[in-house]
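Close look at the chain arrangement
Given next are the chains, with one letter for each unit.
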Amino acid sequence: MKRALFIRKVLVFLGITSSSTLLISSCETEENEDVLNLEKELTEEEKAYLDLKEKTSENGFFLDGKLLYIDITNDLYSKLQNTGEFINDTDHYVLLLRKTDDTVLALSNCCPHLGTSNSWSYSKGSFRCATHGNSYGTGTGFEANCSSNSTSGNLKQYTALLNQDILTVDFDS
Ligand code: FES
């Protein structure tokens, strides 16, 4: 997708411009110049958001060192739009739980018992690993480390921030 058209679509999403002009003339050079001029008027925060929307547009995520950015409107991550739903993102070894309207938790998907990563279910604040039936909390304190033979405790938690529809997970936290 051309950058100007992509930006135009996001601006429509944000309510900064209307969709009618997008439909009528999204391919025209003049229109693209208008979009680029609009982009210049955006705040640094809006530009950073647009940049992440573009970088996550293909796969739904963008990994930058130890920072993982996820667009929760992408089909692969859309369950995270619903409170109480979770995704086991096995590519990034993380359980993502939509806890409230404003928060998503990011937890290690490595079972503290013997390290299974793909047998998780979630209920009432705890994740249960089906391999041997142990459950682990999603709170803080008494963190049970990956594959440490622990049968209780909380899963390791990473800092996760939700900004509009972009989730940032810091694996260095
Ligand atoms: S490996 Fe998860 S409970 Fe044993």
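Each remark here, short or long, concerns the structure printed above.
None of the values given here were measured: they were computed from a predicted structure.

**Topic: the state of the cysteines**
By definition, a disulfide is the covalent link that joins the sulfur atoms of two cysteine residues. With the rule as written, the count across this model stands at one disulfide. The disulfide partner of C110 is C146, and the S-S distance across this bridge is 1.9 Å. Across the S-S bond of C110 and C146 the torsion is about 60°, and the bridge reads as right-handed. Separated by 36 residues along the polypeptide, C110 in the loop between β5 (104-108) and β6 (120-123) and C146 in the loop between β9 (143-144) and β10 (154-155) bring together distant segments of the chain. Assessed through its relative accessible area of 13%, C110 is described here as buried.

**Section: unusual backbone geometry**
Its identity as a non-glycine residue notwithstanding, Y93 has a phi of 55°, on the positive side. Position of Y93 relative to the elements: it lies in the loop between β3 (86-89) and β4 (94-98). By relative accessible area, Y93 is classed as exposed at 57%. With a phi angle near 40°, F142 is a residue other than glycine that sits in the positive phi range. Structurally, F142 is set in the loop between β8 (135-137) and β9. Accessibility expressed as a relative area gives 59% for F142, which makes it exposed.

**Looking at the side chain of R98**
Of note, R98 is situated in strand β4. Among all residues touching R98, those that are not within four sequence positions of it are I72, L80, Q81, N82, T83, G84, E85, T103, V104 and L162.

**Notes on the packing of aromatic side chains**
Inspection of every chain in the model, using the stated rule, returns six aromatic pairs. Arranged with centres 6.2 Å apart and planes meeting at 75°, the rings of W120 and Y136 form a pair that is edge-to-face. Placement of W120 in strand β6 and of Y136 in strand β8 is noted, with a sequence separation of 16 residues between them. Of the two residues, W120 and Y136, neither departs from the other in class, the shared state being buried. On the basis of an interplanar angle of 50° and a centroid distance of 4.8 Å, the ring pair of Y122 and F127 is categorised as tilted. Looking at Y122, the relative accessible area reads 25%, which means it is partly exposed. Residue class for F127 comes out buried when judged on its relative accessible area of 0%. Three or more aromatic residues link up through ring pairs in this structure, and these residues are F86, W120, Y122, F127 and Y136. If you follow K79 out to its NZ or CZ, it ends over the ring of F86, 5.9 Å from the centre.

**Observations concerning helix α4 (residues 44-55)**
Here α4 contains twelve residues, and its C-alpha end-to-end distance of 16 Å stays within 8% of the 16 Å for a straight helix at 1.5 Å per residue. Turning to α4, its buried residues are Y49, L50, L52 and K53. The buried residues of α4 all sit within an arc of 165° when viewed along its axis, so they share a single face.

**Focus on the environment of F62**
Summarising the element assignment, F62 is placed in strand β1 (residues 61-64). The exposure class of F62 is partly exposed, given its relative accessible area of 23%. Taking the C-alpha atoms as reference points, F62 and L52, separated by ten residues in sequence, lie 7.9 Å from one another. Discounting chain neighbours no more than four positions away, the residues touching F62 are K55, T56, L67, L68 and Y69.

**What about the pattern of salt bridges?**
With the rule as written, the count across this model stands at five salt bridges. For the salt bridge of K47 with E44, the shortest nitrogen-to-oxygen distance reads 3.8 Å. Of the two residues, K47 and E44 are both situated in helix α4; the distance of three residues between them amounts to about one turn of the helix. With relative accessibility at 29%, the residue K47 sits in the partly exposed group. Between D165 and K53 there is a salt bridge, and its shortest N-O distance comes to 3.1 Å. On the criterion of sequence distance, the pair formed by D165 in the loop between β11 (157-163) and β12 (166-170) and K53 in helix α4 is long-range, its members being 112 residues apart. Neither residue differs from the other here; D165 and K53 are each classed as buried. Through salt bridges with shared partners, a single network forms among K53, D71 and D165.

Each value, and the rule that gives it
Residues numbered from 1 in each chain as written. Predicted model: local features only at pLDDT ≥ 70, side-chain atom pairs only at ≥ 80, totals over all residues. Heavy atoms only, no water. Disulfide = S-S within 2.5 Å. Helix = DSSP H or I, 4+ residues; strand = E, 2+ residues; numbered from the N terminus. Buried < 20%, exposed > 50% of the residue type's maximum accessible area, 1.4 Å probe, protein only. Contact = heavy atoms within 4.5 Å. Phe/Tyr/Trp six-rings, centres within 6.5 Å; stacked < 30°, edge-to-face > 60°. Lys NZ or Arg CZ within 6 Å of the ring centre and 35° of its normal. Expected span 1.5 Å × (residues − 1). Arc of directions from axis to C-beta. Salt bridge = Lys/Arg side-chain N within 4 Å of Asp/Glu carboxyl O.

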